[in-house]
Amino acid sequence: MSKIGRIYIFLLMVYYCSSVLFGGDKHDMNNLYDNLIPKLSAGAFIAYNVYVYSYYNKVKIIEPINRFRSFSLLTFFSFLFFFLSTYSGLFYLSMYLKVLMWLVSLMVLYKHFTICRDEEVQKTSKYFCIIFIIGGLFSYLKELITFGEATYGSGSCMYVIIPLIFLLFRGSKFLPYIILIVLIISTASLMRKPLIISAIIVLMMYKELKKSMSIWTTMIIVVAFLSFLSIYVDSLIEKIMERMAEERDEGVYGSGRTVFWTLILEDFFYKCDILQQLLGNGYGSVLQLTQKKYGMPIGAHNGFIDCLYSYGYIGFIFYISIFYGIMRKIKQIRRLNPYYAKILFVTIVMWFLQNCVYFGFDGPYMIAYSFIFAIVFSDLKKIADNYNNYSLE
């Protein structure tokens, strides 16, 4: 692995380790220096990415990746404005680090993978997979030991890595087992959203997964899955029944998400002026609003609503354009590499579902998307360059 790849993986590993050990996902507006070590390691990781990005300044960014860059620039200017103009500037800084973590990383990885050999891409990406899975496992174990203390994701976002595993371990005899480990960690953490999203993605890729499975592998996975269900099914049913009863009594639905959606959208449409609606209120403003009106800082549990309130109509259009830009290219990509087209489609479906029920564009788990998009589009650029200047633009 190259020097750039080694430093990238090392800094990312430091961030994940510090997040698991000290907790990197808390939103305490009254203690801006809480979880200082994860924030400093995130800052070091981003600073290195910015350096590498400038180092590769001659590498051309193609149109789908360019949409991420446009959204990244918009988030930067939004952050800069609110950082300089509000009393809670440090809060905006600590929150914005979570956005930069994957947006800058995505563009850096794309540039790096465009000029390096396939072996470098595979090594760097597989090291990331290992760190990500181990981090999720230890985070989940900490969840058990500390009786529910939140960490960098508590393993609940492990499903984000599934398309990347299909991308890196295609046809490998280890593919089913890695997928199984990810499903168990993510499902065991929360036993709700991860199970549904993971199941949808795995079913969409089942034909590809089947190629890696012998009869013995299939039997082992079936036995493991049934054993897992026998342990958790009672607890899962009990949680579902309790949640349904609570929602019926309180008159809310979707685990209370509709409360946050209504609160945030009402404030945006009825209390924000036209300038705030156009430019947003700055990333982190959703947490400030829910702290004020709900009594605790909590996200919208919907990436699209988070984006609309934070970055306004302009930011929302930029964000939606990313989905549109990639979907528009899938038919064209299918002619170059049908498997890449399938991976991109599955990833976009998963990302869309994730935006509908949870987070959208922040957090260390999003770096899995950075690898997926960087691998696919950097390799497609190489393929297109060999097709008599065939362009992806």
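See above for the structure.
Q: Quick question: what am I supposed to make of the overall build of the protein chain here?
A: From N to C terminus, the protein chain includes 16 helices and 0 strands. Every one of the 393 residues in the protein chain was classed for burial, and the buried ones make up 54%. Sequence-distant contacts, at least 24 apart, represent 77% of the contacts inside the protein chain between residues at least 6 apart. With an accessible surface of roughly 18,400 Å², the protein chain has 67% of that area assigned to carbon and sulfur atoms.

Q: Help me understand the pattern of salt bridges, please; the structure alone is not making it clear to me.
A: Note that side chains of opposite charge can pair when their charged atoms are close. On inspection of all chains with the given rule, the structure shows 5 salt bridges. The salt bridge involving E208 is made with K211; its shortest N-O contact spans 3.4 Å. The exposed category is assigned to K211, whose relative accessible area is 55%. One salt bridge in this structure joins K293 and D267, with 3.1 Å as the shortest N-O distance. Residue K293 is located in helix α13 (residues 285-294), and its partner D267 is located in helix α11 (residues 257-270); the two are separated by 26 residues in the primary sequence. Looking at K293, the relative accessible area reads 37%, which means it is partly exposed. Assessed through its relative accessible area of 9%, D267 is described here as buried.

Q: Looking at this structure, how should I read the nonpolar core?
A: Burial of nonpolar side chains together is a common tendency in soluble globular proteins. Counting 109 residues, the largest nonpolar core has F128, W351 and F373 as its most contacted members. With residues up to four places along the chain from it excluded, the contact list for W351 reads F68, W102, Y319, I322, F323, G360, M366, Y369 and F373. Counting 10 residues, the second largest nonpolar core, distinct from the first, contains F268, A300, L308 and Y309.

Q: Hey, could you run me through the packing of α11 against α13 in this one?
A: When two helices pack together, their arrangement is given by the angle between the helix axes and the distance between those axes. Taken N-terminus to C-terminus, the directions of α11 and α13 make an angle of 105°; their axes are 11 Å apart at the nearest point. Taken together, the axes of α11 and α13 are roughly perpendicular relative to one another. Two secondary-structure elements touch here, α11 through V259, F260, L263, I264 and D267 and α13 through V286, L289, T290, K293 and Y294. Each residue belonging to the contact of α11 with α13 can be placed in one class, and the counts come to 7 nonpolar, 1 polar and 2 charged.

Q: How should I be thinking about the side chain of S125 in this particular structure?
A: Within the secondary structure layout, S125 lies in helix α5 (residues 118-145). On the basis of relative accessibility, which here comes to 0%, the residue S125 falls in the buried class. Residues within four places of S125 in sequence aside, it is in contact with F113, L168, F371 and I375.

Q: I'm lost on a nonpolar patch on the surface in this one. Help?
A: Residues F269, Y270, I274, L275, L278, L279, Y313, I314, I317 and F318 make up a contiguous nonpolar surface patch of roughly 1,000 Å² in combined accessible area. For the nonpolar patch, the secondary-structure elements that each account for two or more residues are α11, α12 (274-279) and α14 (303-336). Judged by its relative accessible area of 30%, F318 falls in the partly exposed class.

Q: Help me understand α14, please; the structure alone is not making it clear to me.
A: Helical geometry: 3.6 residues make up each α-helical turn, so side chains three or four residues apart lie on a common side. Helix length check: α14 (34 residues) gives 31 Å between terminal C-alpha atoms against 50 Å at 1.5 Å per residue, more than 12% under. A distance of 3.0 Å separates the backbone nitrogen of F304 from a side-chain oxygen at the start of α14, and that oxygen is part of N302.

Q: Can you walk me through the side chain of N355 in this structure?
A: Note that N355 resides in helix α15 (residues 338-357). A residue is classified by how much of its surface remains accessible, and N355, at 0% relative accessible area, is buried. Residues contacting N355, with those up to four places away along its chain left out, are N302, G303, F304, Y319, F323 and G360.

Q: So what exactly am I meant to see when it comes to the packing of aromatic side chains here?
A: Given two aromatic rings, one states the distance between the centres and the angle between the planes to describe the pair. As enumerated under the stated definition, the model contains 38 aromatic pairs in all. K111 extends its terminal NZ or CZ atom over the ring of Y53, reaching a point 3.9 Å from the ring centre. When the ring centre of Y339 is taken as reference, the NZ or CZ atom of R170 above it lies at 3.7 Å.

Scoring rules and cut-offs
What you see as residue numbers is a count from 1 along each chain, following the sequence as written. With pLDDT at 70 or above as the cut-off, local features in this predicted model cover only qualifying residues; side-chain atom pairs require 80 or more to be listed or tallied, and sums for whole chains, interfaces and linings still use all residues. Water and hydrogen atoms play no part in the side-chain values, which are based on all heavy atoms of the structure. Runs of E in the DSSP output that reach at least two residues are strands. Runs of H or I that reach at least four are helices, and both are numbered from the N terminus. Burial status follows relative accessibility: with a 1.4 Å probe on protein chains alone, a residue under 20% of its type maximum counts as buried, one over 50% as exposed, and anything between as partly exposed. Note on contacts: a residue pair qualifies if any of its non-hydrogen atoms lie within 4.5 Å across the two residues. Accessible areas in this description were obtained via Shrake-Rupley with a 1.4 Å probe; residue shielding takes into account the shown protein chains only. Every case where a carboxyl oxygen of Asp or Glu lies within 4 Å of a side-chain nitrogen of Lys or Arg is listed as a salt bridge. In plain words, nonpolar cores are sets of buried Ala, Val, Leu, Ile, Met, Phe, Trp, Tyr and Cys residues tied together by side-chain atoms within 4.5 Å. Interaxial angles span 0 to 180 degrees and are taken between N-to-C directions of axes, which are lines fitted to C-alpha atoms, for helices over the stretch in contact. Any angle from 65 to 115 degrees is called roughly perpendicular, while one under 35 is roughly parallel, one over 145 is roughly antiparallel, and all others are oblique. Classes in brief: Ala, Val, Leu, Ile, Met, Phe, Trp, Tyr, Cys and Pro nonpolar; Asp, Glu, Lys and Arg charged; the others, Gly included, polar. Patch membership is restricted to residues that have no salt bridge and whose relative accessible area is over 30%. Joining uses 9 Å for like charges and 5 Å for the nonpolar side chains Val, Leu, Ile, Met, Phe, Trp and Tyr. Multiply 1.5 Å by the residue count of a helix minus one, and that product is the helix's expected span. The term polar contact refers here to a pair of N or O atoms within 3.5 Å; inside protein, the definition further demands a hydrogen-donor-capable atom paired with an acceptor-capable atom, and it admits residues adjacent in sequence only when both atoms are side-chain atoms. In summary, the pairing rule links any two rings of Phe, Tyr or Trp, Trp by its six-membered ring, whose centres are within 6.5 Å, and it sorts them by plane angle into stacked for under 30 degrees, edge-to-face for over 60 and tilted for everything else. To sit over a ring, a charge needs its Lys NZ or Arg CZ within 6 Å of the ring centre and within 35 degrees of the ring normal.

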